[in-house]
Amino acid sequence: MQLALFDVDGYQALWRRNFEQSELGRVFLTIPFRELASKFQIKKKANGPGANPIFSVEGALGLMFLKHYTGLSDEKLIAQVNVNWHYQCFCGLAPQIDCRIRDKDIVGRWRRFFGSDLNIDELQQDLAQSWKNDLPHLHINMQDATVYESYIKYPTDLKLLWDCLMWLRGQMRDVCKAGGFAMPRSKYSQRYDKYISFAKRRKKTLKLERRHRKAALYLLDKMKEQFQTLLNNWGRPAAGFLSAEVRQRLKTLRLILVQQQYHFQHPEKSVPQRIVSFHKPYLRPIVRGKENKPVEFGAKVHQVQVGGCNFIEHLDFEAFHEGNRLKKGVWMHRRLFGEVRQLSADGIYATNRNRKWCRLNQIATNFIPKGAQGPLQHQAKALRHTLSTIRATRLEGSFGNEKNHYLLRKVRARTQPSEIAWIFFGVHCANAVKVAKARQIRKAGCGL
């Protein structure tokens, strides 16, 4: 026993064998990390070698999947990686008793790295190739769309204006402190107190809300001019003081001010490309027509399910009609898994154009038929019922499973690329767990 304490290599090999036999290890073995990592390139520093990275690209991919598997925050995930050697094995680290990773933002930086160079089609090609032999019924294609909501407060015009005002107030403070200027006078404090009092009211009348909006618009316009005057008085140092992110925020603020002024003056008219979130200007309201949630704010994703696994066919923060993407969903299925013989989708897909195209390509669907039926109408009805039942249970259920167990109920990423990466890893982490369970069942059935 004394010798075993010093046999580090032997302990690490024993830990890895134990890890591969665990549930997390079986999920690890289903993901083709090497093929996925080959799609990303790390740019090395030009001025010196720098410190060696803690994670390789493969290990960082494991960190992304591990986050959605565990459901932990970034900070808690690193805390667990430091003490849990199963998690260390999943992230490509040699098992250590005390890992000592102190960088709390390392998960977020890797997510931003993957989001900046994420090619969903190429990565899904590798995943489909790895899982192809484990999925049943590869000839059945199921399609539907869902919205993965962003983690934002429910937007209103007044909240949006005050988000702009509070951010602009902070920037004015920083500029005045750096340039040695006095803070310009305004009624910001008085208006803020009145806004808080209004927000606490149980009953908010339209007349009172418009009064507060009018005051907020006037104050925002005034403070924008004051901020521009500060920058002009400061001169050349202001150019280096403002970062690219701050400049982009200022551009967004000016656009919001123009849109809100027009909306206040013409409340009956719609505003094209209307911004609903100051910190996430790429979000758009997506009308879903649900009874408990008529409007959602996030990414709308059209997915194709094959053998129980979901694959992203189209992702957009703008609203789109999923019925127009039936053909592209079938083409993606053919590219990844081969021929489609049966298709199941919602009633919104059952347009005359889609019906004709499926009939010409000899694809049986679950669409309610039109006109007279042939001699095999009873068999066709039974097939439609089966396809509809499978779609309603498996496909709709998979959306709920991803949102409840893989951090997709509210996407907490802060930028558009990292939000897309968050959704991608959440969807395919759920797929990897399904494939791992299918392999375990098949292995148990074979008596291995």
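Data block above holds the structure.
The structure presented is a predicted model; accordingly, all values stated were derived computationally and were not measured.

Break down the packing of helix α9 (residues 120–131) against helix α15 (residues 326–337) for me, with residues and values.
Orientation of α9 relative to α15, taken along the N-to-C sense of each, is 50 degrees, at an axis distance of 9 Å. Overall, the two elements α9 and α15 adopt an arrangement that is oblique. Contacts from Asp121, Gln124, Gln125 and Ala128 of α9 reach α15 at Met332, Arg335, Leu336 and Phe337. A breakdown of the residues in the contact of α9 with α15 according to their chemical character gives four nonpolar, two polar and two charged.

Talk me through empty space enclosed by the protein; I want residue IDs and the actual numbers.
A full pass over the atoms with the stated rule returns one cavity of 30 Å³ or more. Quantified by volume, the largest cavity comes out at close to 30 Å³. Every residue lining the largest cavity is listed: Trp162, Arg191, Tyr195, His212, Ala215, Ala216 and Leu219. Those elements that provide at least two residues to the lining of the largest cavity are α11 (188–199) and α12 (206–234). The biggest single contributor to the lining of the largest cavity is α12, with four residues.

For unusual backbone geometry, give the residues involved together with the corresponding values.
Despite not being glycine, histidine 137 has its phi angle at roughly 55 degrees, a positive value. Its place among the elements puts histidine 137 in the loop between α9 and β1 (140–149). Judged by its relative accessible area of 47%, histidine 137 falls in the partly exposed class. Even without glycine at this site, glutamine 273 takes up a positive phi of about 55 degrees.

Give a description of the side chain of glutamine 226 that names residues and reports values.
As for its placement among the helices and strands, glutamine 226 is situated in helix α12. In contact with glutamine 226, other than residues within four places in its own chain, are Met172, Pro184, Arg185 and Ser186.

Report on a positive patch on the surface, specifying residues and quantitative values.
Taken together, the side chains of Arg185, Lys187, Lys194 and Lys222 present a region of like positive charge at the surface. Position of lysine 194 among the secondary structure elements: in helix α11. For lysine 194, a relative accessible area of 45% gives the class partly exposed.

Break down the pattern of salt bridges for me, with residues and values.
Under the counting rule described, the total for this entry stands at 25 salt bridges. Between aspartate 134 and arginine 439 there is a salt bridge, with the nearest N and O atoms lying 2.9 Å from each other. Taken together, the positions of aspartate 134 in the loop between α9 and β1 and arginine 439 in helix α18 (residues 416–445) put the pair 305 residues apart, joining distant regions of the chain. Where lysine 153 meets aspartate 163, a salt bridge forms, and the shortest distance between an N and an O atom there is 2.9 Å. In this pair, lysine 153 is assigned in the loop between β1 and α10 (157–179) and aspartate 163 in helix α10, connecting sequence segments ten residues apart. Look at aspartate 163 and you get buried, because its relative accessible area is 14%.

What counts, and where the lines are drawn
- Residues numbered from 1 in each chain as written.
- Predicted model: local features only at pLDDT ≥ 70, side-chain atom pairs only at ≥ 80, totals over all residues.
- Heavy atoms only, no water.
- Axes fitted to C-alpha atoms, helices over the stretch in contact; angles between N-to-C directions.
- Helix = DSSP H or I, 4+ residues; strand = E, 2+ residues; numbered from the N terminus.
- Parallel < 35°, antiparallel > 145°, perpendicular 65-115°, else oblique.
- Contact = heavy atoms within 4.5 Å.
- Nonpolar A, V, L, I, M, F, W, Y, C, P; charged D, E, K, R; others polar.
- 1 Å grid on protein atoms, 1.4 Å probe; cavity = no way out; pocket = protein on both sides within 12 Å on 5 of 7 lines; lining within 4 Å.
- Points joined across faces, edges and corners; volume = space filled by probe spheres on them.
- Buried < 20%, exposed > 50% of the residue type's maximum accessible area, 1.4 Å probe, protein only.
- Patch = residues over 30% accessible without salt bridge, like charges linked within 9 Å, V, L, I, M, F, W, Y side chains within 5 Å.
- Areas by Shrake-Rupley, 256 points an atom, 1.4 Å probe, with all protein chains shown as cover.
- Salt bridge = Lys/Arg side-chain N within 4 Å of Asp/Glu carboxyl O.
- Lys, Arg positive; Asp, Glu negative; His and termini not counted.
- Charge placed at Lys NZ, Arg CZ, Asp CG, Glu CD.

Any functional reading would require information beyond the geometric quantities listed.
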